[in-house]
Amino acid sequence: MVKLGSRGLELKKIKIHQSRGDVNIGSRGVTDSLIDEVKRRLKTQKCLKIKVFKSARGFVGDDDVEEIAKAVNAVIIDKRGFTYVLIDKKYVIR
């Protein structure tokens, strides 16, 4: 697991208890426009929640979400079922 600074822990708590996902992955799967949206939201929010809908669960897995995280310079800090929380790498203690 990743070690977070105090601001990172605060952002994580907020996102975990938030009921809705910031970005949803649906039947179209992982597209360039989805990655651009994740980049845009991560730039403004610093931490975001991604949900994988039932229609995409057959072909979108953990490895795909990890690829999204790498593409946007983020890390996965929490996974619960088909919901992931990503945070910008600058809030991670190395």
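Residue positions within a chain follow its written sequence, with the count starting from 1. Given that the model is predicted, a residue must reach a pLDDT of at least 70 before its local features are reported, and side-chain atom pairs must reach 80 or more before they are shown or counted; all residues, however, enter totals for whole chains, interfaces and linings. Computation of side-chain values covers all heavy atoms of the structure but excludes hydrogens and water.

## Comments concerning the overall build of the protein chain
- Along its length, the protein chain carries three helices and six strands.
- Helix and strand assignments follow DSSP, with helices taken as H or I runs no shorter than four residues and strands as E runs no shorter than two, numbered in order from the N terminus. Scanning the protein chain from its N terminus toward the C terminus, one meets helices and strands in the order β-α-β-α-β-α-β-β-β.
- What the globule rule says is 2.2 Å times the number of residues to the power 0.38, and the radius of gyration is computed from C-alpha atoms. A globule of 94 residues ought to have a C-alpha radius of gyration of about 12 Å, and the protein chain, at 12 Å, matches this closely.
- Considered along the principal axes of its C-alpha atoms, the protein chain spans approximately 35 × 25 × 20 Å.
- Taking the contacts inside the protein chain whose residues are at least 6 apart along the sequence as the reference set, 71% of them involve residues at least 24 apart.
- Note that His is not counted, nor are the chain ends; the positive residues are Lys and Arg, and the negative ones are Asp and Glu. Throughout, a charge is located at the NZ atom of Lys, the CZ atom of Arg, the CG atom of Asp or the CD atom of Glu. The protein chain carries 22 positive and 12 negative side-chain charges, and their two centres are separated by 7 Å. Contact definition: two residues touch when any of their heavy atoms are within 4.5 Å.

## Some thoughts on the pattern of salt bridges
- For this document, the term salt bridge refers to a Lys or Arg side-chain nitrogen within 4 Å of an Asp or Glu carboxyl oxygen. One pass over the structure, following the stated rule, counts five salt bridges.
- With its nearest N and O atoms 3.6 Å apart, the salt bridge here joins Arg-20 to Asp-22.
- One connected set of salt bridges, linked through shared partners, spans Glu-37, Arg-40 and Arg-41.

## Structural notes on the nonpolar core
- Definition used in this section: a nonpolar core is a set of buried Ala, Val, Leu, Ile, Met, Phe, Trp, Tyr and Cys residues joined via side-chain atoms within 4.5 Å. For each residue, the accessible area found with a 1.4 Å probe, counting protein chains only, is set against the maximum for its type, and the residue is called buried under 20%, exposed over 50%, and partly exposed in between. Counting residues in hydrophobic clusters, the biggest one holds 18 residues, and the most contacted among them are Ile-25, Val-38, Ile-50, Val-72 and Leu-86.
- Those elements giving two or more residues to this core turn out to be β2 (23-25), α2 (32-45), β3 (47-52), α3 (62-71) and β5 (83-88).
- Here this core gets four residues from one element, more than from any other, and that element is α2.

## Notes on the pairing of β3
- Most of β3 sits inside the fold, with five of its six residues counted as buried.
- Convention used here: a crossover is right-handed provided that the path from the first strand, over the helix, to the second strand proceeds clockwise when the strands point away from the viewer. Between the parallel pair β2 and β3, the chain is carried across by α2, and the sense of this crossover is right-handed.
- In the sheet, β3 pairs with β5 via five bridges, with the strands oriented antiparallel. If you follow Lys-51 over to β5, its bridge partner there is Thr-83. At least two DSSP bridges between two strands are required for those strands to pair.

## As for the sheet that holds β3
- Read from one edge to the other, the open sheet built from four strands follows the order β2-β3-β5-β4, with strand pairing classed as mixed. Pairing within the sheet leaves two strands with one partner each, and these edge strands are β2 and β4 (74-80). The sheet shows a mean angle of 25° between the axes of neighbouring strands, taken without regard to direction.
- Note on definitions: angles span 0 to 180 degrees between N-to-C directions of axes, and those axes are lines fitted to C-alpha atoms, for helices only across the stretch in contact. Where helix α1 (residues 6-17) meets the sheet, its contacts fall on β3, β4 and β5, and the angle it forms with β3 comes to roughly 35°.
- In this fold α2 packs onto β2, β3, β4 and β5, with an angle of close to 150° to the strand it touches most, β3.

## Here we look at the pairing of β5
- Most of β5 is tucked away: six of the six residues are buried.
- Because side chains alternate across β5, one face comprises the buried residues Thr-83, Val-85 and Ile-87, and the other comprises Tyr-84, Leu-86 and Asp-88, equally buried.
- The antiparallel hairpin formed by β4 and β5 contains two residues in its connecting segment, where Gly-81 sits at a positive phi of about 65°.

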